[in-house]
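# Breakdown of the fold
What follows is the residue order along each chain.
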Amino acid sequence: MNKKRVTWVDVTKGFLMILVVIGHYPGELNFPLSKYIYWFHMPAFFLLSGIFFKEIKEDEASNKTVKKRFLQLMVPYLFFLLSITSIRYGMEVAQGNYNISWYLQDLWKLIIAGRFVRGAYGVFWFVTTLFFTYLLFMWMTKYLSKTKQISLIAICYLAAHLQSIFAREVISESAVESAQSIPMVWNLDVVLMAVVYFSLGYYGKSLWMNVTKPWLFSASFVAFSMILADQNGLINYKLSMKFLRYDHMLLDLIVPISFIIVIVGLFQRVTKIISLDWLRKIENHSIAIMYLHIFTDMILNDYVDYGVVGYTILCTLIPIIISVIIQNVIPYGKFLLGDIRAKKPMQIEI
């Protein structure tokens, strides 16, 4: 992969990470920005991961690859889970909470995780889902023919929608409550939908690595049309992978893919003109931003009165500062942030 391709990938991921932060803004937005962000931003992360998936041959051992992905994904997961929980419990004790049953119930939720933990842990579901999506796709590409792979992906897509319909129509509660009525550890059932977007990145790699003008213009037209249709009440499309909200068998492919094509196509072109190095640096610290932006807001919002701009800046900048400290002060800091090649404090890099 050449340098330009690496640049647009990092810049795109940095931009998507900003959208993750904005999507968790606790206040009201005049324009339904959060709704449109959720149309594509989580599918985009799974799709981009699929682009760079490397197939394992049937005669190759899987243990090394599984261990590598575990260290990259689950070690930061456990590190931030323990760190945030330790701070939370310290604050609870300082406020006089000595109720053992409260701590036991809270720990049980953290073990189940996924959509059953909220607040500071609101993004943790993504990592466990991505890890098991990777494992499933690795198994599929190693042991199944191309036809069987596509057939299984289609079955997963159908099963995901049937589950979503069951949650909405049978349980008949809000999206959050209905999803939480379906017991599932670590949001493993979301793998059914995630593997579809992941596979679209893998199978469509030639498209994604060079989005042509016809694809870009067509996708832009579709994306703009969807927003207009929503603004004028012609559709009320929603997508929430975390809470099993899949509204439409066709639009759940068309809408996210259209937006992702637009974003990827634009950044492929823009990065040839300007560097957008600040977005690349955000990507460099994306692990800390992902895990800490909600917790940062929970700490700050009692003391700082900010709008969406101030919230986005602070909840991005403070995790970046913490990321730099972790990498350069804590022993094996980079390893704790998923860099399995660096296992000791290095020279400060921002």
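Note that this is a predicted model, so its numbers are computed, not measured.

Glancing now at the confidence of the model for the protein chain. Note: predicted coordinates in regions of low pLDDT should not be interpreted at a detailed level. Considering every residue of the protein chain, the mean pLDDT works out to 92; 95% of them sit at 70 or more. Within the protein chain, helix H8 (residues 175-180) has the poorest average pLDDT of any element, 84, and helix H9 (residues 191-203) the best, 98.

Looking now at the pattern of salt bridges. The final tally for this structure, using the stated rule, is seven salt bridges. Asp-106 is the partner of Arg-88 in a salt bridge, and the nearest nitrogen-oxygen pair spans 3.0 Å. Here the residue Arg-88 occupies a position in helix H4 (residues 63-94), and Asp-106 occupies one in helix H5 (residues 100-112), the gap between them amounting to 18 residues. As far as the burial class goes, Arg-88 and Asp-106 line up, both buried. Notably, a salt bridge pairs Asp-247 with Arg-245, separated by 2.5 Å at the nearest N-O pair. When its relative accessible area of 22% is taken as the criterion, Asp-247 is described as partly exposed. One network of salt bridges, in which partners are shared, links Arg-168, Arg-245 and Asp-247.

Remark: the centre distance and the inter-plane angle together describe each pair of aromatic rings, the angle taken between the planes. For the coordinates displayed, the defined rule picks out 31 aromatic pairs. On the basis of an interplanar angle of 65° and a centroid distance of 6.0 Å, the ring pair of Tyr-89 and Trp-102 is categorised as edge-to-face. Residue Tyr-89 is found in helix H4, and its partner Trp-102 is found in helix H5; the two are separated by 13 residues along the sequence. Residue classification places Tyr-89 among the buried positions, given a relative accessible area of 15%.

Along the polypeptide, Glu-283 turns up in helix H13 (residues 277-284). If sequence neighbours within four positions are ignored, Glu-283 has contacts with Asp-10, Lys-13 and Gly-14.

Criteria and cut-off values
Residues numbered from 1 in each chain as written. Predicted model: local features only at pLDDT ≥ 70, side-chain atom pairs only at ≥ 80, totals over all residues. Heavy atoms only, no water. pLDDT = per-residue confidence, 0-100. Helix = DSSP H or I, 4+ residues; strand = E, 2+ residues; numbered from the N terminus. Salt bridge = Lys/Arg side-chain N within 4 Å of Asp/Glu carboxyl O. Buried < 20%, exposed > 50% of the residue type's maximum accessible area, 1.4 Å probe, protein only. Phe/Tyr/Trp six-rings, centres within 6.5 Å; stacked < 30°, edge-to-face > 60°. Contact = heavy atoms within 4.5 Å.

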